[in-house]
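Coordinates in review
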Amino acid sequence: MPAGDARPVLEVRDLRTVFQTRGGEVHAVNSVSFDVKPGELLGVVGESGSGKSVTMMSLVGLLPMPPAEVRGGEVLLDGEDLLKVSPARLRDVRGGEVGFIFQDPMTSLNPVFTVGFQIIEPIRRHMGLNKRQARERAVELLELVGIPGARGRLSDYPHQFSGGMRQRVMIAIALACDPKVLIADEPTTALDVTIQAQILEIVEDLRARLGMAIVWITHDLGVVAGIADRVMVMYGGQVVEHAPVHPLFNDPRHPYTRALLRTIPTVTGARADKLQVIEGQPPMLGAAPSACPFRDRCPLAFDRCHAENPLREVVAPNHDVACFHPLAHTAKEAVA
Amino acid sequence: MLTFTIRRLLFAIPTLLFIALVIFLLLELAPGDPMANVPLTVPSEVKEQMRVALGLGEPMHIRFWKWIIQFFWIEPLNVFDALFGTGFAEGKLRIISWQNRAPVFIAIAERIPQTLWVVGTAYVVAILIAIPVGIYSAYRQYSIFDQAGTFVTMVGFSVPPFFSGVLVILIFAVQLRWFPSIYDTTLEVNSWEAFGMQVRQMFLPVMVLALQITSQLSRFMRASMLDNLNQDYVRTARAKGLRENTVVLVHVLRNSMIPVVTVIALGVPSIFGGAIITEQVFKVNGIGQLLITAIQANDLPMVQTLTFIFAVLIVLFNLIADVLYGMLDPRIRYD
Ligand SMILES: Nc1ncnc2c1ncn2[C@@H]1O[C@H](COP(=O)(O)OP(=O)(O)OP(=O)(O)O)[C@@H](O)[C@H]1O
Ligand SMILES: [Mg+2]
């Protein structure tokens, strides 16, 4: 666990991203704030469409603009606001200081270039190495992520690798220039459990050795419980709860987080009759939120939830939640 | 790849023989008589003798066999003789045109340069314009440039060459008098001045043809680019911090070119086929005209030979397109 008082390397304040579509605006990210410190792993969870990927891609301008538009906020990387820098500087940041791993390893590599070419590209671009040095670095990286016979595989094409291997290649690319921040968008979702475990191990190891800050998006709460230091729960384009990993799992405060945790089936104890689901539909994001996004599905919703959008309030050390209900503000022990 | 190519070439032989047979039978069955233009005053016995002299007296399969021998053996020997000054083909009967009793290949060899100059240039011009236009239209989809491109493309698609040809003649040859309206086949390019003339007389037919080919190709290029611009690997390339130029012109373009190159290769036979209508409009004495006049005169050997050459080119360029595909796309393996 990293020192709690280190300065955050990445600090996001009040980020808002809107898509202009034919059917009107989609407010995909609404006033999202978070930070990560060097060596820390921040887990991001939330159901499909809650704005996790869009938030992360907004940080370094990876969204297609138009239709996307970052309406406001600050993205401070070591104090430098990435939303205000020149496109050239942003390109230096991408792949250099901020590494990205994407959701789908099968399509994230270019099918017509060799893996070696694709790893060497960012190395030459950012580290200014010559061809031979860059090749050596590429071999090193592939060995680092556990690809056997790394040197020989540089001249292979992506289709000659399995899904797990491709995701390792993606990780190698993301790590190529020793980034300060690694953003991993569901890096293991498409992989089977053993490969997933191997990749988690690699990342854990790298974090300890290189001291990167990591943002890890996932649907898998088990993974979050295993590797995250802190967890951020997103719903309807907002952060609804944020806490260190233990309080979040032991004492979730937001009704959505509670519901989410209940959806994990257990094998110990009596098996539930059917899988737990969260009833209802995710919210439409047609306008900036003027009420709690979870109100229609919330068992605890009351008048105020329909009239006002709750702000994040600190309820315990390092633990904040965006909910009006008194239950959200009382610790578990007190309720019991 | 090599074994694949050889296998395909071997496989092409029966295909082509079959095509030759089909063309031969179709022409046999088609109504029309090479003696139709002979005056009615000529007695029918004489006409019959003329028919026999043309080789029409023999049964069908013998004539087919003779044609095959002539096409695949005697004509290549003649080419060899012409190249190396040897005499292997002496005294052997070549494929003879019924119109002027001269070997058809001599007529074809005379016409090919005209066609290659005009249609070939149009094809090259079209490729050179269509690819950048397609790339830029896709990259700036729905921009003014793209919209204008779409409009011009629609025009190029929908206006037939017999209209656009006459239109450009009216504008550029009749009104503005910038270019000649008729292509002078006898012009010999032996000086800079003559070269300038050649360029000027090629300009209008090339323009009409290039408009048509560019329209199709630039649309295809645009669609192919759009397909790839939305792919995940493009985002990866951007996330690596690559310049936009590298992202589009290296990562996206390399993928987009795969189907486009194939389509370009498949279109090459049509250059040799000539552009029948455009050649007519501008009086270009090319292959297209040769074919049309041969059909009108019931010159079966000429029609048969030309059609079969097109068939050979089509089969050949299909193979070339496949091989190119395999070379450009590492995921394709032929073995
Ligand atoms: N290009 C786009 N145009 C319009 N709306 C978009 C676009 N991309 C994303 N969105 C919207 O933004 C919202 C958030 O999407 P996002 O991809 O961030 O979800 P997510 O949390 O990453 O989901 P998942 O877990 O399925 O990856 C969704 O409602 C989606 O419809
Ligand atoms: Mg996502």
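Scoring rules and cut-offs
Residues numbered from 1 in each chain as written. Chains lettered and ligands numbered in written order. Predicted model: local features only at pLDDT ≥ 70, side-chain atom pairs only at ≥ 80, totals over all residues. Heavy atoms only, no water. UniProt positions renumbered as here; feature names shortened; annotations may be inferred. Helix = DSSP H or I, 4+ residues; strand = E, 2+ residues; numbered from the N terminus. Contact = heavy atoms within 4.5 Å. Near = heavy atom within 4 Å. Polar contact = N/O pair within 3.5 Å; in protein donor to acceptor, adjacent residues only side chain to side chain. Core = buried A, V, L, I, M, F, W, Y, C linked by side-chain atoms within 4.5 Å. Buried < 20%, exposed > 50% of the residue type's maximum accessible area, 1.4 Å probe, protein only. Salt bridge = Lys/Arg side-chain N within 4 Å of Asp/Glu carboxyl O.

Taking an unreviewed UniProt entry as the reference, chain B is identified by name as Glutathione transport system permease protein GsiC belonging to Jannaschia seosinensis. As stated in UniProt under Sequence similarities (unreviewed entry), the record for chain B gives "Belongs to the binding-protein-dependent transport system permease family." Turning to chain B, the UniProt record has this under Subcellular location (unreviewed entry): "Cell membrane".

As annotated in an unreviewed UniProt entry, chain A is Stage 0 sporulation protein KD from Jannaschia seosinensis. UniProt lists a comment for chain A under the heading Subcellular location (unreviewed entry), and it reads "Cell inner membrane". UniProt annotates chain A under Sequence similarities (unreviewed entry) with the comment "Belongs to the ABC transporter superfamily."

A few points about the environment of proline 310 of chain A
All names here are of chain A. By the element assignment, proline 310 lies in the loop between helix 11 (303-307) and strand 11 (313-316). Taking the C-alpha atoms as reference points, proline 310 and glutamate 47, 263 residues apart in sequence, are found 19 Å from one another. With sequence-adjacent residues up to four places away left out, proline 310 is seen in contact with Cys292, Ala322, Cys323 and Phe324.

Some details on the site of ligand 1
All names here are of chain A. Taken together, 15 residues sit near ligand 1, with Ser48, Gly49, Lys52, Ser53 and His219 positioned nearest. Glycine 49 is positioned such that a nitrogen or oxygen atom in its backbone is 2.9 Å from an oxygen atom of ligand 1. For ligand 1, an oxygen atom lies 2.7 Å from a polar atom in the side chain of histidine 219. Broken down by secondary-structure element, the contributors of at least two residues to the shell around ligand 1 are strand 1 (10-21) and helix 1 (52-59).

As for the nonpolar core
The biggest cluster of nonpolar side chains holds 96 residues, and the ones touching the most others in it are Phe34, Met56 and Ile119 of chain A. If you tally residues by element for this core, the top one is helix 6 (residues 163-175) of chain A, at 8 residues. Dropping the residues within four chain positions of it, phenylalanine 34 of chain A is found in contact with Leu10, Glu11, Val12, Arg13, Leu42, Thr55, Met56, Leu59, Val215 and Met232 of chain A. Grouped together as the second largest cluster of nonpolar side chains are 48 residues, Ile135, Ile169, Ile213 and Tyr233 of chain B included.

A short note on the UniProt feature "transmembrane region" (unreviewed entry) in chain B
All names here are of chain B. Mapped onto this numbering, the UniProt entry annotates "transmembrane region" (unreviewed entry) at residues 116-139, 151-174, 257-277 and 308-328. Between the end C-alpha atoms of residues 116-139 there is a gap of 33 Å, over a span that is 100% helix and 0% strand. Strand forms 0% of residues 151-174 and helix 92%; the C-alpha atoms that close the span are 26 Å apart.

A word on the pattern of salt bridges
Residues and elements named next belong to chain A. A complete count under the given rule lists 29 salt bridges over all chains for this structure. In this structure, the salt-bridge partner of arginine 151 is glutamate 136, at a minimum N-O distance of 3.2 Å. One end of the pair, arginine 151, is in helix 5 (residues 150-153); the other, glutamate 136, is in helix 4 (residues 131-144), with 15 residues separating them in the sequence. Via salt bridges that share partners, Glu11, Arg13, Asp35, Glu40 and Arg230 belong to a single interconnected network.

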